[in-house]
Amino acid sequence: MTEYLFEKMVDLSHGLENGMPVYPGDTRTSLEPMATLSKDGVNLTKVILSSHAGTHIDAPSHFIRDGITIDQIPVRRFAGEATVIDVSGTAIGSAVTIQDVGMAKTGSQPEIREDDIALLFTGSSELWGNPIAERKYTYLSEALAEYLVARRVRAVGIDSFSVDSFDCTTFPVHKELLGHGLYIIESIANPLRQFLGKRIFLMCAPLKLTSIDGAPCRCLAIPMTD
Ligand SMILES: [Zn+2]
């Protein structure tokens, strides 16, 4: 019987901090003391964040007119089994194709089950903090997005800034996934590497920001026995 090893939980989220990388043009993260223990007897911090800062979830309304917002996604969908697919053989800055998924570097042909959360490890997360990586990261081909929708996964996660290329103007991958009611996890942190080719139990509950397009989440991997 499969067991979930909660005591071996691994954090797959980036820290939200001043100076952290953000998608070019997006709001810079700012954490600023409003009050301090030494001066005011209490620590309080003013936090300025993009809804897509750090490890975060895109809700359908990010690109889809009348799509549901982050607070409207049923919470049970943020906890479930995930398959971790090693596509780090794809050159950084190019598109992961259906063939790349079929020839995942670690593990045999990845098993993608209906209702899985499909997690793509591209290796882009190894470059977190390198300004070049904010524009040059690995993304999904449109055909791969269609393939994952057809495989009926519930969500797609990636360790890159975006599922679409930086140069794109029409965001076809976002539209394909979000338009079919999937949610997207972006900027997963690089400890994902330790689960290549494996199945894990994932918890990725986003902040309950009301009526908007996305929110940062704490993305947690719970290892599973076979
Ligand atoms: Zn996003």
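Scroll up for the structure.
Given the structure is predicted, the values throughout are model-derived calculations rather than measurements.

What follows covers the overall build of the protein. Each helix and strand in the protein was counted, giving four helices and 13 strands. Over its C-alpha atoms the protein spans a radius of gyration of 17 Å, differing by no more than 12% from the 17 Å that the globule rule assigns to 226 residues. Of all 226 residues assigned to the protein, the portion counted as buried reaches 39%. Summarising the internal contacts of the protein: among those between residues at least 6 apart in sequence, 74% fall at separations of at least 24.

Core analysis: the biggest nonpolar cluster contains 47 residues, and Ile-57, Leu-119, Val-156 and Ile-184 have the highest contact counts within it. At five residues, the largest contribution of residues to this core is made by strand 7 (residues 117-121).

Another aspect to go through is the packing of helix 3 (residues 142-150) against helix 4 (residues 172-179). Closest axis-to-axis distance for the helix 3/helix 4 pair is 9 Å, and the angle between their directions is 10 degrees. Accordingly, the angle class assigned to the pair helix 3 and helix 4 is roughly parallel. Counting all contacts with helix 3, which are made through Glu-142, Ala-145, Glu-146 and Val-149, the residues of helix 4 involved are Pro-172, Val-173, Glu-176 and Leu-177.

The subject of this paragraph is the sheet that holds strand 1 (residues 10-11). Strand order in the open sheet made by the nine strands is 1-13-11-5-7-9-10-4-12, with mixed pairing throughout. Lying at the two open borders of the sheet, with one neighbouring strand each, are strand 1 and strand 12 (214-216). Bridge count for strand 4 (residues 56-58) against strand 12 is three bridges, and the pairing is antiparallel. Paired with His-56 across the two strands is Pro-216, which belongs to strand 12.

For Leu-5, the location among the structural elements is in the segment before strand 1. Judged by local crowding, Leu-5 falls into the exposed class, with 12 C-beta atoms found within 10 Å. Ignoring sequence-local partners within four residues, the contact set of Leu-5 consists of Ile-222, Pro-223 and Met-224.

Let us now look at helix 3. Taken together, the buried positions of helix 3 are occupied by Leu-144, Ala-145 and Leu-148. Viewed along the axis of helix 3, the buried residues span an arc of 105 degrees, placing them on a single side of the element. Tucked inside the fold, the buried residues of helix 3 contact strand 6 (95-96), helix 2 (98-102), strand 7, strand 8 (139-140), strand 9 (155-158) and helix 4. With its phi angle positive at about 60 degrees, Arg-152 sits one or two positions after the end of helix 3.

Let us look at helix 4. Within helix 4, six of the eight residues are buried, which leaves the element mostly enclosed by the surrounding structure. Three or more residues of helix 4 are buried, namely Pro-172, Val-173, His-174, Glu-176, Leu-177 and Leu-178. Where helix 4 terminates, the next one or two residues include Gly-181, which has phi positive at roughly 85 degrees.

Here we come to unusual backbone geometry. Although it is not a glycine, Asp-115 adopts a positive phi angle of roughly 75 degrees. Turning to its location among the elements, Asp-115 is positioned in the loop between helix 2 and strand 7. Located in the positive-phi region is Ser-211, a residue other than glycine, with phi close to 60 degrees. Inspection of the secondary structure assignment puts Ser-211 in the loop between strand 11 (199-203) and strand 12.

Cut-offs used in this document
- Residues numbered from 1 in each chain as written.
- Predicted model: local features only at pLDDT ≥ 70, side-chain atom pairs only at ≥ 80, totals over all residues.
- Helix = DSSP H or I, 4+ residues; strand = E, 2+ residues; numbered from the N terminus.
- Rg over C-alpha atoms; globule rule 2.2 N^0.38 Å.
- Buried ≥ 20, exposed ≤ 12 C-beta atoms within 10 Å, placed from the backbone.
- Contact = placed C-beta atoms within 7 Å.
- Core = buried A, V, L, I, M, F, W, Y, C linked by C-beta atoms within 7 Å.
- Axes fitted to C-alpha atoms, helices over the stretch in contact; angles between N-to-C directions.
- Parallel < 35°, antiparallel > 145°, perpendicular 65-115°, else oblique.
- Pairing = 2+ DSSP bridges.
- Arc of directions from axis to C-beta.

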